[in-house]
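Chain residues, written in single-letter form:
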Amino acid sequence: MENTKRLVGELNTGYHTPDEVRALLEHIWSQPLDNSVRMFPPFYTAFGKTTRVGKEVFINFGCTFLDQGGITIEDGVFIGPGAKILTEHHPEEPALRHRLLVKPVVVRRKAWIGAGAIILPGVTVGENAIVAAGTVVTKDVPDNAIVAGVPAKVLRNIKTDYHE
(Lines give C-alpha, C1' and ligand atoms only; values in the text may rest on other atoms or scores of the structure.)
Protein backbone atom coordinates (compact mmCIF):
# COMPACT_ATOMS: atom_id res chain seq x y z
CA MET A 1 0.00 0.00 0.00
CA GLU A 2 2.87 2.43 0.73
CA ASN A 3 4.30 1.91 -2.75
CA THR A 4 0.89 2.64 -4.25
CA LYS A 5 0.61 5.86 -2.23
CA ARG A 6 4.07 6.91 -3.45
CA LEU A 7 3.14 6.18 -7.08
CA VAL A 8 -0.19 8.03 -6.76
CA GLY A 9 1.70 11.00 -5.28
CA GLU A 10 4.05 10.97 -8.25
CA LEU A 11 1.14 10.69 -10.70
CA ASN A 12 -0.60 13.68 -9.11
CA THR A 13 2.50 15.93 -9.01
CA GLY A 14 3.48 17.98 -12.02
CA TYR A 15 2.84 17.36 -15.69
CA HIS A 16 3.15 13.90 -17.24
CA THR A 17 2.71 12.90 -20.88
CA PRO A 18 -0.04 10.37 -21.64
CA ASP A 19 2.63 7.66 -21.92
CA GLU A 20 4.08 8.60 -18.52
CA VAL A 21 0.62 8.57 -16.94
CA ARG A 22 -0.03 5.13 -18.43
CA ALA A 23 3.35 3.84 -17.17
CA LEU A 24 2.57 4.99 -13.62
CA LEU A 25 -0.89 3.42 -13.79
CA GLU A 26 0.64 0.14 -14.96
CA HIS A 27 2.67 0.07 -11.75
CA ILE A 28 -0.27 1.15 -9.57
CA TRP A 29 -2.63 -1.42 -11.12
CA SER A 30 0.02 -4.12 -11.69
CA GLN A 31 -1.07 -4.71 -15.27
CA PRO A 32 0.02 -3.69 -18.76
CA LEU A 33 -2.30 -1.10 -20.30
CA ASP A 34 -3.25 -0.65 -23.92
CA ASN A 35 -2.00 2.58 -25.53
CA SER A 36 -5.64 3.61 -25.96
CA VAL A 37 -6.15 4.03 -22.17
CA ARG A 38 -6.24 7.70 -21.12
CA MET A 39 -6.44 9.34 -17.71
CA PHE A 40 -6.28 12.96 -16.59
CA PRO A 41 -4.80 13.18 -13.07
CA PRO A 42 -5.32 13.76 -10.24
CA PHE A 43 -6.40 10.23 -9.38
CA TYR A 44 -6.83 8.65 -5.97
CA THR A 45 -6.50 5.06 -4.77
CA ALA A 46 -4.92 3.45 -1.72
CA PHE A 47 -4.48 -0.11 -2.93
CA GLY A 48 -4.55 -0.27 -6.73
CA LYS A 49 -3.56 -3.88 -7.26
CA THR A 50 -7.09 -5.21 -7.80
CA THR A 51 -8.19 -2.80 -10.54
CA ARG A 52 -8.37 -4.21 -14.09
CA VAL A 53 -8.80 -1.87 -17.05
CA GLY A 54 -9.59 -2.74 -20.67
CA LYS A 55 -8.87 -0.92 -23.93
CA GLU A 56 -10.16 2.52 -25.00
CA VAL A 57 -10.95 3.52 -21.41
CA PHE A 58 -10.99 7.21 -20.48
CA ILE A 59 -10.87 8.38 -16.85
CA ASN A 60 -11.29 12.12 -16.28
CA PHE A 61 -9.86 14.42 -13.57
CA GLY A 62 -10.28 13.74 -9.86
CA CYS A 63 -11.59 10.17 -9.77
CA THR A 64 -11.29 7.91 -6.73
CA PHE A 65 -11.13 4.10 -6.83
CA LEU A 66 -11.30 2.22 -3.52
CA ASP A 67 -10.50 -1.17 -5.01
CA GLN A 68 -9.71 -3.72 -2.30
CA GLY A 69 -12.82 -5.66 -3.37
CA GLY A 70 -11.77 -5.55 -7.04
CA ILE A 71 -12.72 -3.15 -9.83
CA THR A 72 -13.12 -4.30 -13.43
CA ILE A 73 -13.49 -1.64 -16.12
CA GLU A 74 -14.13 -3.22 -19.49
CA ASP A 75 -13.31 -1.86 -22.97
CA GLY A 76 -14.64 1.51 -24.11
CA VAL A 77 -15.74 2.85 -20.71
CA PHE A 78 -15.79 6.63 -20.10
CA ILE A 79 -15.61 7.88 -16.50
CA GLY A 80 -16.42 11.54 -15.83
CA PRO A 81 -14.58 13.93 -13.52
CA GLY A 82 -14.87 13.34 -9.80
CA ALA A 83 -16.51 9.92 -10.10
CA LYS A 84 -15.97 7.43 -7.28
CA ILE A 85 -15.92 3.64 -7.58
CA LEU A 86 -16.04 2.11 -4.13
CA THR A 87 -15.65 -1.59 -3.28
CA GLU A 88 -15.12 -1.07 0.43
CA HIS A 89 -17.60 -0.43 3.22
CA HIS A 90 -18.16 -1.13 6.93
CA PRO A 91 -20.87 -2.93 8.92
CA GLU A 92 -23.61 -0.71 10.33
CA GLU A 93 -23.30 -2.16 13.85
CA PRO A 94 -21.22 0.25 15.96
CA ALA A 95 -19.19 -2.53 17.58
CA LEU A 96 -18.22 -3.91 14.15
CA ARG A 97 -17.54 -0.70 12.21
CA HIS A 98 -13.77 -1.14 12.44
CA ARG A 99 -14.09 -4.14 10.09
CA LEU A 100 -13.67 -3.69 6.36
CA LEU A 101 -16.17 -5.39 4.06
CA VAL A 102 -15.47 -5.62 0.34
CA LYS A 103 -17.50 -6.44 -2.78
CA PRO A 104 -16.33 -6.12 -6.39
CA VAL A 105 -17.56 -3.53 -8.88
CA VAL A 106 -17.77 -4.25 -12.61
CA VAL A 107 -18.30 -1.60 -15.29
CA ARG A 108 -19.22 -3.38 -18.52
CA ARG A 109 -18.23 -2.46 -22.10
CA LYS A 110 -18.95 1.05 -23.36
CA ALA A 111 -20.66 2.22 -20.16
CA TRP A 112 -20.49 5.90 -19.35
CA ILE A 113 -20.15 7.10 -15.75
CA GLY A 114 -21.08 10.78 -15.37
CA ALA A 115 -19.29 13.48 -13.39
CA GLY A 116 -19.48 13.03 -9.63
CA ALA A 117 -21.29 9.70 -9.81
CA ILE A 118 -20.71 7.21 -7.00
CA ILE A 119 -20.73 3.46 -7.65
CA LEU A 120 -21.12 1.50 -4.40
CA PRO A 121 -19.74 -1.96 -3.49
CA GLY A 122 -21.13 -5.01 -5.29
CA VAL A 123 -22.59 -3.11 -8.26
CA THR A 124 -22.35 -4.09 -11.93
CA VAL A 125 -22.97 -1.31 -14.45
CA GLY A 126 -24.32 -2.90 -17.62
CA GLU A 127 -22.98 -2.71 -21.15
CA ASN A 128 -23.65 0.66 -22.87
CA ALA A 129 -25.37 1.97 -19.72
CA ILE A 130 -25.24 5.64 -18.77
CA VAL A 131 -24.95 6.72 -15.13
CA ALA A 132 -25.97 10.39 -14.98
CA ALA A 133 -23.84 13.00 -13.24
CA GLY A 134 -24.24 13.00 -9.47
CA THR A 135 -25.99 9.63 -9.35
CA VAL A 136 -25.44 7.22 -6.45
CA VAL A 137 -25.60 3.64 -7.75
CA THR A 138 -26.61 1.14 -5.04
CA LYS A 139 -27.87 -1.71 -7.27
CA ASP A 140 -26.92 -3.25 -10.61
CA VAL A 141 -27.62 -1.16 -13.71
CA PRO A 142 -29.11 -3.09 -16.66
CA ASP A 143 -27.46 -3.09 -20.09
CA ASN A 144 -28.47 -0.10 -22.26
CA ALA A 145 -30.16 1.73 -19.36
CA ILE A 146 -29.87 5.36 -18.32
CA VAL A 147 -29.96 5.80 -14.55
CA ALA A 148 -30.07 8.96 -12.43
CA GLY A 149 -30.79 10.08 -8.90
CA VAL A 150 -30.05 9.20 -5.30
CA PRO A 151 -30.44 6.29 -5.19
CA ALA A 152 -30.18 5.56 -8.93
CA LYS A 153 -33.39 4.77 -10.78
CA VAL A 154 -33.77 3.66 -14.38
CA LEU A 155 -35.05 6.58 -16.48
CA ARG A 156 -35.23 4.77 -19.80
CA ASN A 157 -33.22 2.63 -22.22
CA ILE A 158 -30.78 4.28 -24.60
CA LYS A 159 -31.54 4.50 -28.27
CA THR A 160 -29.65 1.72 -30.05
CA ASP A 161 -31.00 2.25 -33.56
CA TYR A 162 -29.40 5.66 -34.20
CA HIS A 163 -28.50 6.43 -37.81
CA GLU A 164 -26.65 9.53 -39.06
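Residues numbered from 1 in each chain as written. Predicted model: local features only at pLDDT ≥ 70, side-chain atom pairs only at ≥ 80, totals over all residues. Heavy atoms only, no water.

Per an unreviewed UniProt entry, the chain goes by DapH/DapD/GlmU-related protein and derives from Bacteroides zhangwenhongii. What UniProt records for the chain under Sequence similarities (unreviewed entry) is the sentence "Belongs to the transferase hexapeptide repeat family." (UniProt positions renumbered as here; feature names shortened; annotations may be inferred.)

Our next topic: the nonpolar core. Core analysis: the biggest nonpolar cluster contains 37 residues, and W29, F65, I79 and V125 have the highest contact counts within it. Residue assignment for this core shows that the elements contributing at least two residues are helix 1 (2-11), helix 2 (18-29), strand 5 (63-66), strand 6 (71-73), strand 11 (105-107) and strand 17 (145-148). If one sorts the elements of this core by residue count, helix 2 sits on top with five residues. (Core = buried A, V, L, I, M, F, W, Y, C linked by side-chain atoms within 4.5 Å. Buried < 20%, exposed > 50% of the residue type's maximum accessible area, 1.4 Å probe, protein only. Helix = DSSP H or I, 4+ residues; strand = E, 2+ residues; numbered from the N terminus.)

Here we take up the sheet that holds strand 3 (residues 51-53). The strands making up a sheet associate through backbone hydrogen bonding, with each pair oriented either parallel or antiparallel. Reading across from one edge, 3-6-11-14 is the order of the four strands in this open sheet, with parallel pairing throughout. Strands with a single pairing partner mark the edges of an open sheet, and in this sheet they are strand 3 and strand 14 (124-125). Two strands pair when backbone bridges link them, and strand 3 and strand 6 are joined in this way by three bridges, in the parallel orientation. When the sheet's bridge partners are listed, R52 is paired in strand 6 with T72. (Pairing = 2+ DSSP bridges.)

Before going further, it helps to spend a moment on helix 2. Compared with an ideal rise of 1.5 Å per residue, which puts twelve residues at 16 Å, helix 2 spans 16 Å between its outermost C-alpha atoms and is within 8% of the ideal. When helix 2 is considered as a whole, its buried residues turn out to be V21, R22, L24, L25, I28 and W29. Within helix 2, the buried residues cover an arc of 165 degrees as seen down the axis, which keeps them to one side. Structural note: helix 2 exposes D19 and H27 on the side pointing more than 90 degrees away from its buried face. Close packing links the buried residues of helix 2 with helix 1, strand 1 (38-39), strand 2 (43-44), strand 3, strand 4 (58-59) and strand 5. Backbone geometry just downstream of helix 2 places S30 in the positive-phi region, at approximately 55 degrees. (Expected span 1.5 Å × (residues − 1). Arc of directions from axis to C-beta. Contact = heavy atoms within 4.5 Å.)

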